[in-house]
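Topology and contacts: notes
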Amino acid sequence: MTVPGPSSTRSPDPSDAGPVGRAGRTDYAGAVYGSLLAASVIAAFDPHGAHPKFSLIVLLVVTGVVFWIAHAYAHLAGEREAGKTVTWQETRRVGRHEWPIVEAAMIPALAVVISPLPEAGENAWLAIGVAVGQQVFWTALGAVRSGASRKQAALEAAVSLALGLIIVAAKVVVGH
């Protein structure tokens, strides 16, 4: 498994080269979004089923894949040029560009797979901590690699953390 890298819903550009693409832009949107999505899935997860650890892993993987397909499809269907058909090459390029959404869901799932914690609820909290942590990490990394000041990078990381904590608070209130 690779570590999630740059992505977003903006139009992928073949001239983009790695985390810092054209015109010095960074693009970690897919990794940030995928992490937030994973945290949301975990927050809504009910650990009281028959096989809760397995269910959480499957839920994270399936949701990551479905949202990856949805993002790629939305890009292909919603941003194509008039009169042009979507090619297999374009489909593969967009799919690769959006792949960090899947990768970001895999990291919390992997944490649950290797977790020695016996309780499903404990594993859910571990996974949500991993998801929120990586969300803050990708946000801060994107800011730093774009040349943002330390203050700006810290502010962006704080906003990302606040979004994650809202999901954590929702999990606490709902009681899963």
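Everything discussed here concerns the structure shown above.
This write-up is about the structure you can find in this document. Note that this is a predicted model, so its numbers are computed, not measured.

**What to know about the overall build of the protein chain**
What the protein chain contains, in helices and strands, is six helices and zero strands. Long-range pairs, those at least 24 residues apart, make up 69% of the contacts in the protein chain between residues at least 6 apart in sequence. When the accessible surface of the protein chain is split by element, carbon and sulfur atoms take 68% of a total near 9400 Å².

**Quick word on a nonpolar patch on the surface**
A grouping of Tyr33, Phe54, Val58, Val62, Val66 and Phe67 is seen on the molecular surface, where their side chains present a nonpolar patch of about 510 Å² in accessible area. Within the secondary structure, Val66 sits in helix 2 (residues 52-78).

**Comments concerning helix 6 (residues 150-174)**
End to end, helix 6 covers 36 Å across 25 residues, agreeing with the expected 36 Å (1.5 Å per residue, within 8%). Listed as buried for helix 6 are Ala153, Ala157, Ser160, Gly164, Ile167 and Lys171. At its buried positions, helix 6 is contacted by helix 1 (29-44) and helix 5 (120-145). Looking one or two residues beyond helix 6, the residue adopting positive phi is Gly175, at roughly 90°.

**Some points on the packing of helix 4 (residues 100-114) against helix 5**
Contact geometry of helix 4 with helix 5 gives a least axis separation of 8 Å together with a crossing angle of 145°. Of the two possible hands of crossing, helix 4 and helix 5 adopt the one that is right-handed. Packed against helix 4, whose contacting residues are Ala104, Ile107, Pro108, Ala111 and Val112, the element helix 5 presents Asn123, Leu126, Ala127, Val130, Ala131 and Gln134 at the interface. Classifying every residue of the contact of helix 4 with helix 5 gives nine nonpolar, two polar and no charged.

Criteria and thresholds
- Residues numbered from 1 in each chain as written.
- Predicted model: local features only at pLDDT ≥ 70, side-chain atom pairs only at ≥ 80, totals over all residues.
- Heavy atoms only, no water.
- Helix = DSSP H or I, 4+ residues; strand = E, 2+ residues; numbered from the N terminus.
- Contact = heavy atoms within 4.5 Å.
- Areas by Shrake-Rupley, 256 points an atom, 1.4 Å probe, with all protein chains shown as cover.
- Patch = residues over 30% accessible without salt bridge, like charges linked within 9 Å, V, L, I, M, F, W, Y side chains within 5 Å.
- Salt bridge = Lys/Arg side-chain N within 4 Å of Asp/Glu carboxyl O.
- Expected span 1.5 Å × (residues − 1).
- Buried < 20%, exposed > 50% of the residue type's maximum accessible area, 1.4 Å probe, protein only.
- Axes fitted to C-alpha atoms, helices over the stretch in contact; angles between N-to-C directions.
- Left-handed = near helix turned anticlockwise from the far one by under 90°.
- Nonpolar A, V, L, I, M, F, W, Y, C, P; charged D, E, K, R; others polar.

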